[in-house]
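As a plain string of letters, each chain reads:
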Amino acid sequence: MISFLRGTVAHVGLSTAVIDLNGAGMSVNATPQTLSGLRTGEEGKLFTSLIVREDSLTLFGFASDDEREVFDVLLSVSGVGPRLALAVLAVHEPEAIRVAAHTGDSKTFTKVPGIGPKVAGRIVLELAGKLVPHGTAGAAAPATAAEAAWKPQVVAAMTSLGWSEKDATASIDKALADDPEVSFRGNVAEILRTTLRWLGQDGARAGNRVGSRG
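The model shown is predicted, which means the values in this text are computed figures rather than measured ones.

Caption draft 1: Molecular detail of the sheet that holds strand S4 (residues 43-53). Around the barrel, which closes on itself, the 5 strands sit in the order S1-S2-S3-S5-S4 with mixed pairing between neighbours. Looking at each pair of strands side by side, their axes are set apart by 55° on average, direction ignored. Relative to strand S2 (residues 16-21), strand S1 (residues 4-12) is paired through 4 bridges, and the arrangement is antiparallel. Within S2, the position partnered with His11 by the bridge is Val18. On the sheet, helix H2 (residues 65-74) packs against S1, S4 and strand S5 (56-62) and is oriented at approximately 15° with respect to S4.

Caption draft 2: Representation of helix H8 (residues 165-177) in the model. With 13 residues, H8 extends 18 Å from end C-alpha to end C-alpha; this agrees with the ideal 18 Å at 1.5 Å per step. Of all the positions in H8, only Asp167, Ala168, Ser171, Ile172, Ala175 and Leu176 are classed as buried. All buried residues of H8 lie within an arc of 145° about the axis, which places them on one face of the element. Opposite the buried face of H8, at more than 90 degrees from it, the exposed residues are Lys166 and Ala177.

Caption draft 3: Here's a closer look at the environment of Lys130. Secondary-structure assignment places Lys130 in the loop between helix H6 (117-127) and helix H7 (143-160). Judged by its relative accessible area of 44%, Lys130 falls in the partly exposed class. Put simply, Lys130 and Ser76 are 54 residues apart on the chain and 9.7 Å apart in space, counted from C-alpha to C-alpha. Residues in contact with Lys130, not counting those within four places in the same chain, are Val73 and Ser76. Here Glu126 takes part through its backbone oxygen, which lies 3.5 Å from a polar atom of the side chain of Lys130.

Caption draft 4: Representation of the pairing of strand S3 (residues 24-29). As paired elements, S2 and S3 share 6 bridges and run antiparallel to each other. Bridging from a neighbouring strand, Val18 pairs with Ser27 of S3. Count of turn residues in the S2/S3 antiparallel hairpin: 2 residues, of which Asn22 carries a positive phi of about 55°. The pairing of S3 with S5 spans 2 bridges and is parallel.

Caption draft 5: Inspection of unusual backbone geometry at higher detail. Although it is not a glycine, Asn22 sits at a positive phi angle of roughly 55°. Summarising the element assignment, Asn22 is placed in the loop between S2 and S3.

Caption draft 6: Structural context of the environment of Asp167. Relative to the helices and strands, Asp167 is located in helix H8. Classification of Asp167 as buried rests on a relative accessible area of 19%. Between the C-alpha atoms of Asp167 and Val155, which are 12 residues apart in sequence, the distance is 9.2 Å.

The rules behind each value
- Residues numbered from 1 in each chain as written.
- Predicted model: local features only at pLDDT ≥ 70, side-chain atom pairs only at ≥ 80, totals over all residues.
- Heavy atoms only, no water.
- Pairing = 2+ DSSP bridges.
- Helix = DSSP H or I, 4+ residues; strand = E, 2+ residues; numbered from the N terminus.
- Axes fitted to C-alpha atoms, helices over the stretch in contact; angles between N-to-C directions.
- Contact = heavy atoms within 4.5 Å.
- Expected span 1.5 Å × (residues − 1).
- Buried < 20%, exposed > 50% of the residue type's maximum accessible area, 1.4 Å probe, protein only.
- Arc of directions from axis to C-beta.
- Polar contact = N/O pair within 3.5 Å; in protein donor to acceptor, adjacent residues only side chain to side chain.

Printed below as a string of structure tokens:
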């Protein structure tokens, strides 16, 4: 695995840079923000992620190890390839992505070109628990205050996945009635997972979803 590149910057383009490593030019795909930090003829360093395909080997470069980590985690989401993951980092800082994933804020991801509500909902669902904001202590707020903060976000995530707002709200309430500790902790991603798990175990609720979409 190529963890990073350090060498003379031979070229900086709109979406790629070429790093000269002792006479060998390595082409690296990167965000405009990362490329703006490179200067032709000067030494540059990029953290990298190598994407291996049957017919290609493609390097993606990042200004920090944190950016690379977020990129690699985004690739774990079904339907999200390296180009789309890089587009997310072109729009949002790594910490903003961590916060959105941790809180289930799907609207943050719809600001990225190429990502609609359904894909955004899938991203927050599949990233739940995988990306945590730096410094998160995990302390829970009082239940009533926490609900005011998390409930609209969970409802928004579920409506982006196809449920009506009415069915989403009712399902959240009934799912958390079986597991009040989840509600007390106030973690949006955990609440979303708990509700979807409850829906999966309740055929009647799954039927309601289909009916609401028709």
